[in-house]
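# Observations on the model geometry
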Amino acid sequence: MKKLKHLLFLSCFKTTGLIEKKIQFGLSWNERLRLQIHKSMCDACTNFEKQSRLIENGLSSLINDKNNKTDLDQLKQSIIKKLDQ
């Protein structure tokens, strides 16, 4: 019974690691099941997942905006060069 409990129930520390892994790479069905079981009992880890997703989405949009600005600057330089010719 103790072994079964160990297999099914995760600590919050291990759960936060799985949440980060889920956001970055995805999880196996076993990991998804264990994560879902833990989150059904733990509001703190559920909130952690929401916050992690929010941070990840914010950073992704920031990186995309920075790349778009670089592309825009390159486009401006290209147009200026063509106009000078």
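Coordinates for the structure precede this section.
Now for a look at the structure at hand. The model shown is predicted, which means the values in this text are computed figures rather than measured ones.

## Digging into the pattern of salt bridges
Scanning all chains against the criterion turns up four salt bridges. Between Glu31 and Lys21 there is a salt bridge, with its nearest N and O atoms 2.8 Å apart. Linking Glu31 in helix α3 (residues 29-41) with Lys21 in helix α2 (residues 12-24), this pair joins segments that are 10 residues apart in sequence. Under the relative-accessibility criterion, Glu31 is labelled buried at 18%. A salt bridge links Glu49 to Arg53; the nearest nitrogen and oxygen atoms lie 3.9 Å apart. With Glu49 and Arg53 both in helix α4 (residues 43-84) and four residues apart, the pair spans about one turn of that helix. The exposure class of Arg53 is partly exposed, given its relative accessible area of 36%. One salt-bridge network, held together by shared partners, links Lys22, Lys39, Glu49 and Arg53.

## Looking at the nonpolar core
Leu10, Leu18, Ile19, Ile23, Leu27 and Leu35 together form the largest nonpolar core, which totals six residues. The dominant element in this core, judged by the number of residues it contributes, is α2, at three residues. Residues contacting Ile19, with those up to four places away along its chain left out, are Leu35, Cys45, Phe48, Glu49 and Ser52.

Rules used in this analysis
Residues numbered from 1 in each chain as written. Predicted model: local features only at pLDDT ≥ 70, side-chain atom pairs only at ≥ 80, totals over all residues. Heavy atoms only, no water. Salt bridge = Lys/Arg side-chain N within 4 Å of Asp/Glu carboxyl O. Helix = DSSP H or I, 4+ residues; strand = E, 2+ residues; numbered from the N terminus. Buried < 20%, exposed > 50% of the residue type's maximum accessible area, 1.4 Å probe, protein only. Core = buried A, V, L, I, M, F, W, Y, C linked by side-chain atoms within 4.5 Å. Contact = heavy atoms within 4.5 Å.

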